[in-house]
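Fold and geometry: a report
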Amino acid sequence: MNGEPDLLIGGTWRHASDGGTRDIINPADGSVAAVVDEASPDDARAAVAAARACFDDGSWRATPAGERAALLHRVADLLQRDKESLSRLETRDTGKTLAESRIDIDDVTSVFRYYAHLIGAESDRLVDVGAPAVVSRVVREPIGVCVLIAPWNYPLLQMSWKVAPALAAGCTMVCKPSEVTPLSTIAFTHLLQEAGVPASVVNLVQGSGAALGQALTDNPDVDFISFTGGLATGRTIARTAAEHVTKVALELGGKNPHIVFADIGSDGWDSAVDHVLTGVFLHSGQVCSAGTRLIVEQSIADEFVADLAARAEKIRIGDGMDPASETGPLVSADHRDKVENYVALGVSEGATLVTGGARPSDPALADGYFYLPTIFDHCERTMRIVQEETFGPILTVERFTTESEAIGLGNDTQYGLAAGVRTSDSARGERVVRQLRHGTVWLNDFGYYTAAAEWGGFGRSGNGRELGPTGLAEYQELKHIWHNTAPAPAGWFKG
Ligand code: TXE
């Protein structure tokens, strides 16, 4: 960063082999926050080769689980020691508020602690095969060389969901943060070294998805690819990986419904409005599980939308470093263009623009990539603004009159990452959540997750799961060992 080498390949920090660099932009004001090395495809191949050699050497995967757990705890301790500096890097790079970045670093810490605990508690499974001389057991082994590709909205958080279980399992890896937001991952990789991660176990390259990502994924030495990002890129990676039959886990975002029943009554009203607001506008909507699709019962819809709009207009937008800011800018000028195009599309499709739909007028924000919280009412399920992931501060509103209609709307998506349901009738709540085809469903809450529970999507939100025990199993192969302690001829062939 800023002249220091940023690529970690085979235990050595290096500059890009072709001298490439990239300016990292602070989205709050458009300034250059840092200049980092931009890895070349050759660097990507060298990183995979280093991870391969390290895995095949066998010493890391043979490290006792207790030692790997202790290492993860040391990483967690260092994350807390460096919490403030990592948070500031994350805010400078993504634009999110410092308060959010601090929560992210705490969450990253708990992921490391969770997998430290889990790997320490794992045991083999004994199988009774009905032959007294045979000891049969199923053991877990690391899957091998992993390529870990993260997006820009939660750079370190998303990377930690991959690195922590990969290390716990005994894998070696090549990490590729988004080229837009690599800063926290570079600092974190230094921290991994300080914690004692052996050379070549973790390698780091950053750069463009098209060139570098392709070189990482189209590589027969890779055993597993874990990717979080957009649907189109996920498809490309799955196609590329199929050539080598490489296992792939994909988290590809969502178009997440938040269903509000009229029975919330006056007691549940304020928290429902508040959770819908936070669910969609936190981090300016750049959240894969953002509740961008409000599905509200007709009888309360007018009043509910009016209250939402009034609160959306009070959201304080600004530089994430300013403690007064409640939400920051969009991550880049390109991404704001995309969001603006979606707003224009919503208008042309006939949705009613209730609030927002523009950049803020405050001249102090003119150089950043800010955009106002935007609400479209009277949307139809067939509209593109309702069906496509906008990844910005855009809420669409659809209305329903019956429970089955609400469920039908909530499931009418190619995605299936997350959904919310608000009702004061717990029987109805349980009925509805069981019928929604989404990987996480919040009942009378929104947005929370824990390291101990699986995260991932139905449908085109991807495949595989992160977090929880399944998030570790993704990085493991199962091996059945059949040990005959008293071998005798099978006697099948008589001659
Ligand atoms: O993501 P990409 P983009 C959605 C969101 C957003 C859209 C596009 O809707 O508007 O995706 O965003 C790397 N081989 N999400 O274009 O391209 C890339 O360098 C290998 C949802 O920024 O998917 C980065 O590290 N890697 C999402 C990572 O993929 C490739 C979070 C993600 O970038 C590659 C972010 C290739 N061919 C965006 N091309 C979520 N699920 O939360 C790119 N990359």
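Definitions and limits used
Throughout, residues of each chain are indexed from 1 in the direction in which the sequence is written. Owing to the predicted nature of the model, reporting of local features is limited to residues with pLDDT of at least 70; listing and counting of side-chain atom pairs is limited to 80 or more, with chain, interface and lining totals taken over all residues. Only heavy atoms go into the side-chain values, all of them from the structure, while hydrogens and water stay out. Here, a salt bridge means any side-chain nitrogen of Lys or Arg that lies within 4 Å of a carboxyl oxygen of Asp or Glu. Counting from the N terminus, the helices are the DSSP runs of H or I reaching at least four residues and the strands are the DSSP runs of E reaching at least two. Definition of nearness: a residue and a molecule or strand are near each other if at least one heavy atom of the residue lies within 4 Å of the molecule or strand. Polar contact is defined as a pair of N or O atoms within 3.5 Å, subject to the rule that within protein one atom must be able to donate a hydrogen and the other to accept it, and that residues adjacent in sequence are counted only when both atoms are side-chain atoms. Every accessible area reported is derived by Shrake-Rupley at a probe size of 1.4 Å, with residue values counting cover from the shown protein chains alone. Side-chain classes follow a simple rule in which Ala, Val, Leu, Ile, Met, Phe, Trp, Tyr, Cys and Pro form the nonpolar group, Asp, Glu, Lys and Arg form the charged group, and the remainder, Gly included, forms the polar group. Think of it this way: a Phe, Tyr or Trp ring, Trp meaning its six-membered ring, pairs with another when their centres are within 6.5 Å, and the plane angle makes it stacked under 30 degrees, edge-to-face over 60, tilted otherwise. Burial classes: relative accessible area under 20% of the type maximum marks a residue as buried, over 50% as exposed, and values in between as partly exposed (1.4 Å probe, protein chains only). A positively charged side chain is recorded as over a ring if its NZ (Lys) or CZ (Arg) lies within 6 Å of the ring centre. The angle to the ring normal must also be within 35 degrees. UniProt positions are given in the numbering used here, feature names are shortened, and annotations may be inferred rather than shown by experiment. Should any heavy atoms of two residues lie within 4.5 Å, those residues are counted as being in contact. What counts as an axis is a line fitted to C-alpha atoms, over the stretch in contact for a helix, and the angles between N-to-C directions run from 0 to 180 degrees. Between 65 and 115 degrees an angle is taken as roughly perpendicular, under 35 as roughly parallel, over 145 as roughly antiparallel, and anywhere else as oblique. Helix crossings fall into two classes, left-handed where the near helix is turned counterclockwise from the far one by less than a right angle and right-handed where it is turned clockwise.

Taken as a whole and judged by the stated rule, the model has 28 salt bridges. The closest approach of N and O atoms between aspartate 77 and arginine 113, which form a salt bridge, is 2.8 Å. One end of the pair, aspartate 77, is in helix α2 (residues 65–81); the other, arginine 113, is in helix α4 (residues 98–120), and 36 residues separate them in sequence. Of the charged contacts in the structure, one is a salt bridge between arginine 428 and aspartate 263, with a shortest N-O distance of 2.9 Å. Of the two residues, arginine 428 is situated in helix α14 (residues 426–435) and aspartate 263 in the loop between β12 (257–260) and α9 (265–281); the sequence distance between them amounts to 165 residues.

The next thing to look at is the site of the ligand. Within the structure, the ligand sits among 28 residues, and Trp152, Glu179, Gly230, Lys338 and Glu389 are positioned closest to it. Residue lysine 176 places a side-chain N or O atom 2.8 Å away from an oxygen atom belonging to the ligand. With respect to the ligand, the backbone of glycine 229 contributes an N or O atom lying 3.1 Å from a nitrogen atom. Coverage of the ligand by the protein amounts to 86% of the 820 Å² it exposes when considered alone. Of all the secondary structure elements, the ones that give two or more residues to the shell around the ligand are α7 (209–217), β10 (224–228), α8 (231–244) and α11 (333–348). The dominant element in the shell around the ligand, judged by the number of residues it contributes, is α7, at four residues. Broken down by class, the residue content of the shell around the ligand amounts to 11 nonpolar, 12 polar and five charged.

Counted under the stated rule, the structure contains 11 aromatic pairs. Ring centres of phenylalanine 261 and phenylalanine 400 lie 5.2 Å apart, and the angle between their planes is 75°; this geometry places the pair in the edge-to-face category. Taken as a pair, phenylalanine 261 in the loop between β12 and α9 and phenylalanine 400 in strand β16 (residues 394–400) lie far apart in primary sequence, 139 residues in all. For phenylalanine 261, a relative accessible area of 0% puts it in the buried group. Ring-pair connections join several aromatic residues into one group, and the members of that group are Trp161, Trp442, Phe446, Tyr449 and Trp455. The lysine or arginine in question, lysine 96, covers the ring of tyrosine 154, its NZ or CZ lying 3.7 Å from the ring centre. If you follow lysine 247 out to its NZ or CZ, it ends over the ring of phenylalanine 224, 4.9 Å from the centre.

Annotation from UniProt places "domain: Aldehyde dehydrogenase" (unreviewed entry) at residues 13–481. Along residues 13–481 the backbone is 42% helical and 19% strand, and the end-to-end C-alpha distance reaches 40 Å.

On to the environment of histidine 15. Following the sequence through the fold, histidine 15 ends up in the loop between β2 (12–14) and β3 (21–25). A sequence separation of 10 residues divides histidine 15 from proline 5, and the C-alpha atoms of the two residues are 4.7 Å apart. Ignoring sequence-local partners within four residues, the contact set of histidine 15 consists of Gly3, Glu4, Pro5, Leu7 and Asp37. Here the side chain of histidine 15 touches glycine 3 through a polar contact of 3.5 Å, landing on its backbone oxygen.

Attention now goes to the packing of α4 against helix α5 (residues 155–169). At a minimum axis separation of 9 Å, α4 and α5 run at an interaxial angle of 15°. Here α4 lies roughly parallel to α5, going by the angle between them. The chirality of how α4 crosses α5 is right-handed. Only Leu156, Leu157, Ser160, Trp161, Val163, Ala164, Pro165, Leu167, Ala168 and Ala169 of α5 make contact with α4, whose side of the interface consists of Asp104, Ile105, Asp107, Val108, Val111, Phe112, Tyr115 and Ile119.

Looking now at the UniProt feature "active site" (unreviewed entry) in the protein. The UniProt entry lists Glu251 under the feature "active site" (unreviewed entry), expressed in the numbering used here. Among the structural elements, glutamate 251 can be located in strand β11 (residues 247–251). Those residues in contact with glutamate 251, other than ones at most four positions away along the chain, are Phe227, Thr228, Gly229, Cys288, Leu417, Trp455, Ser461 and Glu466. At 2.9 Å, the side chain of glutamate 251 forms a polar contact with the backbone nitrogen of glycine 253.

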